[in-house]
Amino acid sequence: MVRSILPMGIATALLSQLARAEYMLDTLYDSSNFFDEFNHMNGPDPTHGFVEYVDRATGQLDGLSGIKNGSIYMGVDHTTMNPPKGRRSVRLESQKTFTQGLFVADITHMPTNACGVWPAFWTYGDDWPNSGEIDIIEGVNTECSNQVSLHTSKNCHMSAFGASQGNTVVNDDCGSSEGCSQKTSDNQNYGDGFNAIGGGVYAMEWTDYRIAVWFFPRSRIPLDITNGCPNPILWDKPIASFSAGLSCNTHSKFINNRIVFDTTFCGDWAGNVWTNNAECQALGSCKDYVASNPEAFAKAYWSVNSVKVYKRNGY
């Protein structure tokens, strides 16, 4: 991890804010209301993927979205050969927007590590990039660990102050075209490794001073989360931490974000790095492989128990 150069005053303020954090449940999404509170986005993919996002009626009719075994299911078409508009999938966006808070997602399964797949659990504001984007879970192709990223307008650099060991800073310029990102090293926090342990809980805390992400495997979810009283100051260091500096603060760069789950194919990331992956490159082009191998994506689905948003007492 890169050595922090966070100014002492900001570091002190961060620690002070963390010490007084007390969160109360603001919004709960689960099998009882998720598909009423999230919209199916069925327009063109902004990341130019080989995908056809479908509406709610089509998603439910085709078995791409719905409730399965008591959990929220969001999958992709894994039977159609050579779909003319791209492989069918769903992109779900919350109707409600949020500014700051603690976001806790209990996820039992996420899309598998597979060439061509690009899954994400994230937030963004309608006035992108001015209102920011927080990529909580994201990766492409056969990557086996999570990469957490932020996207903002220009002139925003974030330190990795407070992140756990094993965190690697890929880029600290959040206003660049690829955003600022931190790569994790745990192969149980993403894809097949995540699914093998029954998933777990991802938590993202967004305050005036930082945005941080934790992952807790199913067998090690803190009792305060299980009991509905999450308290991040009791947790170990986050797997990713983006701390504000003199050039940038989360208060001005992130506002009114929607929560999103999606799975796309190829596109601006998975497609652009396709040839960097020998396993994938050997399969031909990304688009041709995704089009002609539907069975490869049978496990490219999300299964979510709940998403809870907590707000700090007094905010």
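Everything numeric in this text was worked out from a predicted model, so none of it was measured.

Parameters and conventions
- Residues numbered from 1 in each chain as written.
- Predicted model: local features only at pLDDT ≥ 70, side-chain atom pairs only at ≥ 80, totals over all residues.
- Heavy atoms only, no water.
- Phe/Tyr/Trp six-rings, centres within 6.5 Å; stacked < 30°, edge-to-face > 60°.
- Buried < 20%, exposed > 50% of the residue type's maximum accessible area, 1.4 Å probe, protein only.
- Helix = DSSP H or I, 4+ residues; strand = E, 2+ residues; numbered from the N terminus.
- Lys NZ or Arg CZ within 6 Å of the ring centre and 35° of its normal.
- Disulfide = S-S within 2.5 Å.
- Pairing = 2+ DSSP bridges.

Q: I'm lost on the packing of aromatic side chains in this one. Help?
A: Each aromatic ring pair is described using two quantities: the centre-to-centre distance and the angle formed by the ring planes. Under the defined criterion, the tally for this structure stands at 20 aromatic pairs. Ring geometry for Tyr-29 and Phe-38: centres 4.9 Å apart, planes at 80°, overall edge-to-face. Residue classification places Tyr-29 among the buried positions, given a relative accessible area of 2%. Using a relative accessible area of 1% as the deciding quantity, one classes Phe-38 as buried. Between Phe-121 and Phe-261, the ring centres sit 4.5 Å apart and the planes meet at 15°, which makes this aromatic pair stacked. In this pair, Phe-121 sits in strand E9 (residues 117-125) while Phe-261 sits in strand E17 (residues 257-265), placing the two residues 140 residues apart along the sequence. The two residues Phe-121 and Phe-261 agree in class, both being buried. Counting every residue linked through ring pairs, the aromatic cluster contains Tyr-29, Phe-34, Phe-35, Phe-38, Phe-121, Phe-261 and Trp-302. Lys-68 extends its terminal NZ or CZ atom over the ring of Tyr-73, reaching a point 3.9 Å from the ring centre.

Q: I'm lost on the state of the cysteines in this one. Help?
A: One covalent bond between the sulfur atoms of two cysteine residues makes up a disulfide. For the structure on display, the rule yields four disulfides. Here Cys-115 pairs with Cys-280 through a disulfide, and the sulfurs are 2.2 Å apart. Sign of the S-S torsion, about -90° for the bond between Cys-115 and Cys-280, identifies this disulfide as left-handed. Here Cys-115, found in the loop between strand E8 (101-109) and E9, pairs with Cys-280, found in helix H8 (residues 278-281); they are 165 residues apart in sequence, far enough to count as distant. Of the two residues, Cys-115 and Cys-280, both sit in the buried class. Each disulfide pairs two cysteine sulfurs, and for Cys-266 the partner residue is Cys-286, the sulfurs being separated by 2.0 Å. Measuring handedness by torsion sign, the sulfur bridge of Cys-266 and Cys-286 sits at about -100° and is left-handed. Separated by 20 residues along the polypeptide, Cys-266 in the loop between E17 and helix H7 (267-271) and Cys-286 in helix H9 (residues 286-292) bring together distant segments of the chain. Residue class for Cys-266 comes out buried when judged on its relative accessible area of 5%. For the chain, the bonded cysteines connect in the pattern 1-7, 2-5, 3-4, 6-8 when numbered consecutively along the sequence. For Cys-144, which is in no disulfide, the shortest distance to another cysteine sulfur is to Cys-280 and amounts to 12 Å.

Q: Any chance you could explain the pairing of E9 here in plain terms?
A: Side-chain direction in a regular strand flips from residue to residue, so the side chains alternate between the two faces of the sheet. For E9, the tally of buried residues reaches nine of nine residues, placing the bulk of the element in the interior. Side chains Val-117, Pro-119, Phe-121, Thr-123 and Gly-125 project from E9 onto one buried face, and the interleaved Trp-118, Ala-120, Trp-122 and Tyr-124 project onto a second face that is buried too. Here nine bridges tie E9 to E17, and the two strands are oriented antiparallel to one another. Note that in E17 the partner of Val-117 across the bridge is Phe-265. In terms of strand pairing, E9 meets strand E10 (residues 133-138) through five bridges, oriented antiparallel. If you follow Tyr-124 over to E10, its bridge partner there is Glu-133.

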